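# Chain and residue survey
The primary structure of each chain is shown beneath.
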Amino acid sequence: MTTTATGAAEVELAIGGMTCASCAARIEKKLNRMDGVTATVNYATEKAKVTYEGDVTVADLIGTVEATGYTAREPEPPRSASPVDSDGAAEAGAADELRPLRQRLITALVLSVPVIAMAMVPALQFDYWQWLSLTLAAPVVTYAAWPFHKAAFTNARHGAATMDTLISVGTSAAFLWSLWALFFGTAGTPGMTHPFELTIARSDGSGNIYLEAAAGVTAFILAGRYFEARSKRKAGAALKALLELGAKDVTVLRNGREERIPTAELQVGDRFVVRPGEKIATDGVVVEGASAVDASMLTGESVPVEVGAGDSATGATLNAGGRLVIEATRVGADTQLARMAKLVEDAQNGKAAAQRLADKISAVFVPVVIALALATLGFWLGNGAGWTAAFTAAVAVLIIACPCALGLATPTALMVGTGRGAQLGILIKGPEALESTRKVDTIVLDKTGTVTTGKMTLLAVHTADGADETEVLRLAGALEHASEHPIAQAVAAGAAAKVAPLPTPEDFANIAGLGVQGIVDGHAVLVGREKLLAEWAIELPAALKEAKAAAEAAGRTVIAVAWDGEARAVLEVADAVKDTSAEAITRLKALGLTPILLTGDNKAVAEAVAAEVGVDQVIAEVMPEDKVDVVKRLQAEGRSVAMVGDGVNDAAALAQADLGLAMGTGTDAAIEAGDLTLVRGDLRAAADAIRLSRKTLGTIKSNLFWAFGYNVAALPLAAAGLLNPMIAGAAMAFSSVFVVGNSLRLRSFRAAA
C-alpha cells in the first residue's frame, strides 16, 4: 500500500476468477460505486489498481470483489531469491496455473473428435453408436466444460450474462436433451441413425441427440481460452525484463578492500567500483575516475555521456571507458530503473483491456435467446402442442443459439494471421492489439535504434588543403582503435572499412574528456575535440572550422585530427539513419497515420533526422519518464496513438500507447511491453504489421458475423419446431468450414514491395 500526493491511499490487488473482459468491467464497476474509491481492473494482468480515501479499508475492497463473485488479495512482496531461482519459480507458477486448463482441453479434444465424426458421418453409425457417443461426451460436458458452468453460475448470481452463460446454457441444453431422448425417447433404440438429409419438418425431438454440438463447442472454445491464457501469462514479463537489466552483483569498497556482493545488499552511501564494460549497479555520484557512459538504453541519447568526479551516474547504464568509483545515492525502488518499471506497470494497469466483440454481443444475445426459448415453450403449450413438442422447440432454440463456429472465429484468424506475420518478421500478441490497429491515426517513432541504427558511425571526412583522406583515416583510425570510447570505436570501424590493415601505435595516451594522442608511423598524432588541439597551440584552418560548424548545426559529433603540429581534418560521427526509414515513413503516411519523431536527443539532431526521413513533427530532449506523458497528451487530444520503440526508455510509452510496436533488435523490456514485435528491426515492417493486423481484425469480424449469423437465421425455424437435427448439424458444419476458409485467406497476405 502507498500514499499518493493528495493523501489518498493506493493499493494493487491480484484478482482471481476472471474469465473474460466483461468480468474485469463488472469488478471495476462495483469498486467504483464505493465512496471515495477509484479503480481500474486489467483483465490481461489480472490486477486491480485502486485509489481510496475516507473510511474505506483494503479489507472492504477485497470484500466487494469477493461479493461480486471473484477473489482478491494483495500481491506478495518480491522474495529476495536469486534471479535464477525467482525466474524458475515464476515459470513454474505460470505452468501450474495453465495445467488444469490444458488437461481439460486435451480431454475435450480426444473425446469429442469421435463423437463429432459419428454424428456427421452416417457410415460410422453402428448399432449402439449413440451410447458410445454419450459415454465419450459426458466427461467433456461435465469435467472439461466445468469452467464455463462455474462462470455462468457466478454471472447468474449477479444478474449478468456473458459468453460463458451462452456456452454453458447451450451445451447443457444439448446434453440434457440428448439424455432425455436416449433414456425416455426413441434415440436409444439399437440401429438408430441420423440420416444425412436437409428437410424442414416438425418433429417431437424424441429421436434426436445433440451430443456432437455439446462436445464440439466445448473443445473449440477451450482451445481458444487455452491459447489466450498462455499469452496472458506473459503480461508481466515487461517488468521482469526491465528489472533484469540491472547489474546482479557489485564490487563495493569496505575497510579499504574490494568485496563482491549482490546488488540488492547495496546501501545508500556505499562506494562501489565499476570497471570498463561493466554495468553501473545503482544510481550514484562519481567520486573517482573519468569515463564515457553508454546510457542509450535508458535515455535514448545516442552519444555516450562523459562523466567525471562529481557527475551523477544512473544504474543499469554501461561503463564504456575507464575505471569509476561511485557513491550510491539511491537504491532499490528509488532508482531510475525501478521508477521506469513502475511507469510500465502503471501504463499496463491503466490501459483498459479491449472488450471482446463476442462478449459485447452476448450481453444482449444471451438474455434474448433465453427469453425466446421460454416464449417458444409457452407458445406451444398454449396452443395445445403437448409438453414433448413444446420442449423440443424450446430446447432447439437453445441448441441452435450456441454458436459452434464462435470457438473458431477468433483463434483460427489469429493463428493464420500471426503465423503469416511470423513469416514476415511480425509477432502479434493477441486480439487486443488487433483492435487497436483499426483506430490508430498517429504513430510516434523513437529515434535511436528505430529510425536510426542506434550505433555511432563515421559519416564524413573533411580534409585541409594538401591532406590525403586515406592518410587521415589510417593515422586517426590506428590511434582510435586503441581506445575503448564508443565514438573512437566508430572512427576506427569506419577507417578499417576503407584502409586495411591499420598500423599499430608506437605510443598511446587517453586524455580524459578531450580525446587521444600518440605516435603512429613516426607522426605525433592528436585525435579529439578542438580544445585538445588548442592545448598544443594548433588551430583549425577556416575551411575546417566551417565544416565543423555545419556538422554541429546538423547535430553531429565532430572530431579534429592533427599530426606533426598541423590540423589535417575533421571527422563527422553520428547515429546513422537506416536505409529503409524514409520509405517506411512514406508507407505509414499512406495508411493514414501522422508520424511524430520522439527522442531524448537534442533538437538539432532530431530535426536533421526528421528532415532526412520526411517526418514533419519533432518532439526532442524528452526524458524517459516524460515519453509516457507525451503519449498521454496526444491521447488527451483525441488521437489514437501507436508507438514504435526499441529501448528500455520506450517500454512505459509502448505500454501506455493504444498500440505498441517494439523493434525486435531492441531490449527485452521494450519487446515485452509492446503489442506487436518487428523481428527484423526494419521500420517498413511497422507498416506491414498495421496492414496485416487490420486485415486479421477484419477477418475475425467477418468470422464472428457468420458464427452468429447462422444462429440468428435458424432461430425462427427452431422456434417454429421445424428444426431437423441434420439442418442444425449442417449449419454448424458450414459455418465452421466458412470460418476456417475465411481465415486461411490471410495466408496470401504479402509485404509491400
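All figures in this text were calculated on a predicted structure; none of them were measured in a lab. (Residues numbered from 1 in each chain as written. Predicted model: local features only at pLDDT ≥ 70, side-chain atom pairs only at ≥ 80, totals over all residues. Heavy atoms only, no water.)

## Some details on the overall build of the protein chain
Rules: Counting from the N terminus, the helices are DSSP H or I runs at least four residues long and the strands are E runs at least two residues long. Classification of residues uses two cut-offs on accessible area relative to the type maximum, computed with a 1.4 Å probe and protein chains only: under 20% is buried, over 50% is exposed, and between them is partly exposed. Only heavy atoms enter the contact rule, under which two residues are in contact if any of them lie within 4.5 Å. Using the Shrake-Rupley algorithm and a 1.4 Å probe, accessible areas are obtained, with residue cover drawn only from the displayed protein chains.
Within the protein chain, the regular secondary structure consists of 26 helices and 27 strands. Here the protein chain, with 753 residues, has 51% of them falling under the buried criterion. Restricting to contacts in the protein chain with at least 6 residues of sequence separation, those with at least 24 account for 70%. For the protein chain, the computed accessible surface area is about 31800 Å², with 57% contributed by carbon and sulfur atoms.

## Remarks on the packing of aromatic side chains
Here is the rule we go by: Two aromatic rings, drawn from Phe, Tyr or Trp (for Trp, its six-membered ring), form a pair once their centres lie within 6.5 Å of each other, and the interplanar angle then sorts them: stacked below 30 degrees, edge-to-face above 60, tilted otherwise. Two conditions define a charge sitting above a ring: the NZ of Lys or the CZ of Arg must be within 6 Å of the ring centre, and it must be within 35 degrees of the ring normal.
Scanning the model with the defined rule gives three aromatic pairs in all. Judged by centre distance (5.3 Å) and plane angle (80 degrees), the rings of Trp 131 and Phe 183 are edge-to-face. With a gap of 52 residues between them, Trp 131 in helix α4 (residues 129-144) and Phe 183 in helix α6 (residues 163-183) connect regions that are remote in the sequence. Judged by relative accessible area, Phe 183 falls into the exposed class, the value being 52%. An angle of 80 degrees between the planes, with centres 5.4 Å apart, marks the rings of Phe 379 and Trp 380 as edge-to-face. Residue classification places Trp 380 among the buried residues on the basis of a relative accessible area of 14%. One Lys or Arg, Arg 104, reaches over the ring of Tyr 143 and ends 4.8 Å from the middle of that ring.

## Some words on the packing of helix α20 (residues 581-590) against helix α25 (residues 684-719)
Stated formally: All axes here are fitted lines through C-alpha atoms, helices being fitted over the stretch that makes contact, and every angle between N-to-C directions spans 0 to 180 degrees. Roughly parallel covers angles under 35 degrees, roughly antiparallel covers those over 145, roughly perpendicular covers 65 to 115, and oblique covers all other angles. Residues are sorted three ways: Asp, Glu, Lys and Arg are charged, Ala, Val, Leu, Ile, Met, Phe, Trp, Tyr, Cys and Pro are nonpolar, and all the rest, Gly among them, are polar.
Remark: α20 packs on α25, axes separated minimally by 7 Å, with the N-to-C direction vectors making an angle of 25 degrees. Classed by the angle they form, the pair α20 and α25 counts as roughly parallel. Mapping the contact onto sequence places Glu 583, Ala 584, Arg 587 and Leu 588 in α20 and Arg 684, Ala 686, Ala 687, Asp 688 and Ile 690 in α25. Residues belonging to the contact of α20 with α25 are distributed by class as follows: five nonpolar, no polar and four charged.

## What to know about the sheet that holds strand β16 (residues 442-446)
Heads up, the condition is: DSSP bridges decide pairing: two strands pair if at least two such bridges lie between them.
The seven strands lie next to each other as β15-β27-β26-β25-β16-β23-β24, forming an open sheet whose pairing is mixed. Each edge of the open sheet is held by one strand with a lone partner, namely β15 (426-428) and β24 (617-619). Averaged over all pairs of adjacent strands, the angle between their axes in this sheet comes to 20 degrees, without regard to strand direction. Inspection of the sheet shows β16 paired to strand β23 (residues 594-598) by five bridges, in the parallel sense. Bridging across to β23, Asp 446 finds its partner in Leu 598.

## Side note on the pairing of strand β25 (residues 641-645)
Burial analysis of β25 places five of its five residues in the buried class, which makes it a mostly covered element. The two faces of β25 match: Val 641, Met 643 and Gly 645 on one face and Ala 642 and Val 644 on the other face are all buried. As paired strands, β16 and β25 are joined by four bridges and run parallel to one another. Considered in β25, the bridge of Ile 443 is made with Ala 642. The sheet contact formed by β25 and strand β26 (residues 659-663) spans four bridges and is parallel. Bridging across to β26, Gly 645 finds its partner in Ala 662.

## Some remarks on the UniProt feature "transmembrane region" (unreviewed entry) in the protein chain
The condition is simple: UniProt positions are given in the numbering used here, feature names are shortened, and annotations may be inferred rather than shown by experiment.
Within this structure's numbering, the places UniProt gives as "transmembrane region" (unreviewed entry) are residues 105-122, 128-146, 166-189, 209-227, 361-381, 387-410, 703-720 and 726-744. Across residues 128-146, the secondary structure splits into 89% helix and 0% strand, with the terminal C-alpha atoms separated by 27 Å. The annotated region residues 166-189 carries 75% helix and 0% strand content, and the separation between its end C-alpha atoms amounts to 31 Å.

## Some thoughts on the side chain of Asp 688
Looking at the element boundaries, Asp 688 is found in helix α25. Those residues in contact with Asp 688 that lie beyond four places of it in its chain are Ile 426, Arg 587, Arg 680, Phe 749, Ala 751 and Ala 752.

## Brief notes about the environment of Ala 655
On the secondary structure map, Ala 655 appears in helix α23 (residues 648-656). Measuring from C-alpha to C-alpha, the distance between Ala 655 and Gly 674 comes to 6.2 Å, with 19 residues separating the pair along the chain.

## Topic: the nonpolar core
Where we set the bar: We call a set of buried residues a nonpolar core when its members are Ala, Val, Leu, Ile, Met, Phe, Trp, Tyr or Cys and they connect through side-chain atoms within 4.5 Å of each other.
With 52 residues, the main nonpolar core has Ile 209, Leu 211 and Leu 222 as its most contacted residues. Those elements that provide at least two residues to this core are α3 (83-120), α4, α6, α7 (211-232), α11 (357-382), α12 (387-401) and α25. Take this core: its biggest share by element is nine residues, from α7. Those residues within four positions of Leu 222 in sequence are excluded, and the remaining contacts are Leu 101, Arg 104, Leu 105, Ala 108, Ala 144 and Phe 148. Core analysis: the second largest hydrophobic core is formed by 43 residues, Val 577, Val 609, Leu 661 and Ala 686 among them.

## A short note on the environment of Leu 377
As for its position among the elements, Leu 377 is in helix α11. Judged by its relative accessible area of 16%, Leu 377 falls in the buried class. For the pair Leu 377 and Ala 393, spaced 16 residues apart in the sequence, the C-alpha separation amounts to 7.0 Å. With sequence-adjacent residues up to four places away left out, Leu 377 is seen in contact with Ala 390, Phe 391 and Ala 394.

## Overview of the sheet that holds strand β8 (residues 271-274)
Reading across from one edge, β7-β6-β8-β14-β9-β12 is the order of the six strands in this open sheet, with antiparallel pairing throughout. Of all strands in the sheet, those with a lone pairing partner are β7 (257-262) and β12 (312-313), marking the two edges. Note that strand β9 (residues 283-288) and β12 share two bridges and pair antiparallel. Paired with Gly 284 across the strands is Ala 313, a residue of β12.

## Some remarks on the packing of α4 against helix α5 (residues 146-157)
Running from amino to carboxyl end, α4 crosses α5 at an angle of 45 degrees, the nearest separation of the two axes being 5 Å. The angle between α4 and α5 falls in the class oblique. Contacts between α4 and α5 involve Val 141, Thr 142, Tyr 143 and Ala 144 from the former and Trp 146, Pro 147 and His 149 from the latter. For the contact of α4 with α5, a count of residues per class yields five nonpolar, two polar and no charged.

## Digging into the environment of Arg 568
Take Arg 568: it is sitting in strand β22 (residues 566-577). Judged by its relative accessible area of 18%, Arg 568 is buried. Along the sequence, Arg 568 and Ala 467 sit 101 residues apart, while their C-alpha atoms lie 5.9 Å from each other. Residues within four places of Arg 568 in sequence aside, it is in contact with His 462, Thr 463, Ala 464, Ala 467, Val 472, Leu 544, Val 561, Ala 562 and Trp 563.

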